[in-house]
Amino acid sequence: MKQKQLHVEASTYCNARCPLCPRSVYGYKVEGVYPEIHLSLDKFKECLEQLPNREYVYFNGNLGDPMMNPNILELSLATGCRTSITTNGSIGSKNTWQQLAKNNIEARFSIDGLEDTNHLYRQDVEWNKLMDRVKWFIDAGGRAEWKFIVFRHNMHQVEEARQLSKTLGFVSFDTVDHARNYGPALDKDGNVTHWILPHNEDKKPTPYDVKAGTELYKKSSRNFQFEEKVYEISCNHEVYNEVYIDAQGRIGPCCYQGFDLPELPFVTIKDFPRLKESWTTTKCDSMCVQACGLK
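Attention here is on the structure that accompanies the text. (Residues numbered from 1 in each chain as written. Predicted model: local features only at pLDDT ≥ 70, side-chain atom pairs only at ≥ 80, totals over all residues. Heavy atoms only, no water.)

## Digging into the overall build of the protein
- Tallying secondary structure elements over the protein gives ten helices and twelve strands in all.
- Projected onto its principal axes, the C-alpha positions of the protein cover 55 × 50 × 35 Å.
- Looking at the 295 residues of the protein, the share that counts as buried comes to 50%.
- Contacts in the protein between residues far apart in sequence, at least 24 positions, make up 70% of those at least 6 positions apart.
- Surface exposure of the protein reaches about 14,500 Å², of which carbon and sulfur atoms provide 48%.
- Counting 36 positive and 39 negative side-chain charges, the protein places the centres of these two groups 1 Å from one another. (Helix = DSSP H or I, 4+ residues; strand = E, 2+ residues; numbered from the N terminus. Buried < 20%, exposed > 50% of the residue type's maximum accessible area, 1.4 Å probe, protein only. Contact = heavy atoms within 4.5 Å. Areas by Shrake-Rupley, 256 points an atom, 1.4 Å probe, with all protein chains shown as cover. Lys, Arg positive; Asp, Glu negative; His and termini not counted. Charge placed at Lys NZ, Arg CZ, Asp CG, Glu CD.)

Shown next, in the form of structure tokens:
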């Protein structure tokens, strides 16, 4: 299979504490679960040599934000094809943002609300820093997209945000119904401060045991209880001829197989035939079921 698209994890570091990101327990960080590393330029170039048919490379965090990597500009310029970066937008120097723009690197800013709501999901993201970087990039000629995840707390701001995107010079504004839309938000000390709720379901906050949740989080998501059934899998990475490069410079079939728990082996692209074979058995790979299984 000729890989046309590459999904790259440039860094597993992040400055934000999004409540429903897998790097934390609803925004409360548990030390030692995921290693924090940056993808090196040398490792990335080694990967690119193995994937010469690429047409599009996008840096999008599995566990971190690409802009945390101090060499994100060099990584972006090494791809040799259309390239984009998805980020919370509140980090990176002015020079880096301007150089990204001048070298036609696209940016997809994940902004979920306005000044009074964005931080409810993008915890620790400062609005003024975000707006500075948006302007640095767009003013330098950069092509910027705004991705807005709709929650109950920001649904009333969609049109106002859309208008702001036009004022700032974004080329597009996209709303997303995100699967990560229900759960508590914890502060740095592990206290529940508010809830993230879906905009289109009548769900309400429920009691949450932080201690029990933390212990459960430490266990692998591979502890999947199989049912005696055959799952139907719709694999987007197979459809789009896409592979995933993690922050260690390893090549795997997709980001769902790339969660860097130390005790788990990394599933490589060479293992993809084995994963596909599992789809027609009652022992379907757990990550495939959870990520792309059809109900």
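On we go from here.
## Description of the environment of K94
- With respect to the element layout, K94 can be found in helix α3 (residues 94-102).
- When its relative accessible area of 42% is taken as the criterion, K94 is described as partly exposed.
- Each C-alpha atom, one on K94 and one on L186, is 31 Å from the other, the two residues being 92 residues apart in sequence.

## Focus: the nonpolar core
- Counting residues in each nonpolar core, the largest one holds 42 residues, and the members touching the most others are F44, F59, F109, I111, V134, F137 and F170.
- For this core, the leading source of residues is helix α5 (residues 127-139), giving six residues.
- F137 has contacts with W97, L100, A101, I105, E106, A107, F109, G142, R143 and A144, leaving out every residue within four places of it along the chain. (Core = buried A, V, L, I, M, F, W, Y, C linked by side-chain atoms within 4.5 Å.)

## A few points about unusual backbone geometry
- Backbone geometry at D124 places phi at a positive 80 degrees, although glycine is not the residue there.
- Here D124 is to be found in the loop between α4 (118-121) and α5.
- Residues other than glycine seldom take positive phi values, yet N241 does so here, at roughly 50 degrees.

## Overview of helix α6 (residues 158-168)
- Among the residues making up α6, those that are buried are V158, A161, S165 and L168. Looking straight down α6, one finds its buried side chains confined to an arc of 85 degrees; they lie on one side. More than 90 degrees from the buried face of α6, the exposed residues found are E160, K166 and T167.
- In this structure, the buried residues of α6 make contact with α5, β5 (144-149) and β6 (172-176).
- Taken from the residues just after α6, G169 is the one with a positive phi, measuring 105 degrees. (Arc of directions from axis to C-beta.)

## Some details on the pattern of salt bridges
- For the structure on display, the rule yields 16 salt bridges.
- The shortest N-O distance in the salt bridge between E36 and K29 comes to 3.0 Å.
- A relative accessible area of 29% means that E36 is categorised as partly exposed.
- By relative accessible area, which is 38% here, K29 ends up partly exposed.
- Among the salt bridges present, the one from K204 reaches D202, with a minimum N-O distance of 3.3 Å.
- A relative accessible area of 68% means that D202 is categorised as exposed.
- Among the charged side chains, a salt-bridge network with shared partners connects R82, E106, R108, R143, E145 and D174. (Salt bridge = Lys/Arg side-chain N within 4 Å of Asp/Glu carboxyl O.)

## Re the pairing of strand β10 (residues 242-245)
- Across the two faces of β10 the burial is the same, with E242 and Y244 and V243 and I245 all buried.
- In this antiparallel pair of consecutive strands, β10 and strand β11 (residues 251-252), the connection spans five residues, and G249 shows a positive phi of 85 degrees. (Pairing = 2+ DSSP bridges.)

## Brief notes about the packing of aromatic side chains
- The final tally for this structure, using the stated rule, is 13 aromatic pairs.
- The interplanar angle of 85 degrees and the centroid separation of 5.1 Å between the aromatic rings of Y26 and Y208 together place this pair among those described as edge-to-face. Here Y26 is found in the loop between β1 (5-8) and α1 (41-50), whereas its partner Y208 is found in the loop between β8 (192-196) and α7 (210-217), with 182 residues between them in sequence.
- By relative accessible area, which is 26% here, Y208 ends up partly exposed.
- Ring plane angle 85 degrees and centroid distance 5.8 Å describe the contact between F109 and F170, whose orientation is recorded as edge-to-face. Of this pair, F109 sits in strand β4 (residues 106-110) while F170 sits in the loop between α6 and β6, placing them 61 residues apart in sequence. Each of the two residues, F109 as well as F170, counts as buried.
- Sitting over the ring of Y56, R82 keeps its end group 4.4 Å from the ring centre.
- Sitting over the face of the ring of Y182, K203 holds its NZ or CZ atom 4.9 Å from the ring centroid. (Phe/Tyr/Trp six-rings, centres within 6.5 Å; stacked < 30°, edge-to-face > 60°. Lys NZ or Arg CZ within 6 Å of the ring centre and 35° of its normal.)

## So, the sheet that holds strand β2 (residues 56-59)
- Reading across from one edge, β6-β5-β4-β3-β2-β1-β10-β11 is the order of the eight strands in this open sheet, with mixed pairing throughout. Looking at the sheet topology across the chains shown, the edges are occupied by β6 and β11.
- As paired strands, β1 and β10 are joined by four bridges and run parallel to one another. Following the sheet pairing, Q5 is matched in β10 by E242.
- Packing against the sheet, α6 makes contact with β5 and β6, and its axis sits at approximately 170 degrees to β5. (Axes fitted to C-alpha atoms, helices over the stretch in contact; angles between N-to-C directions.)

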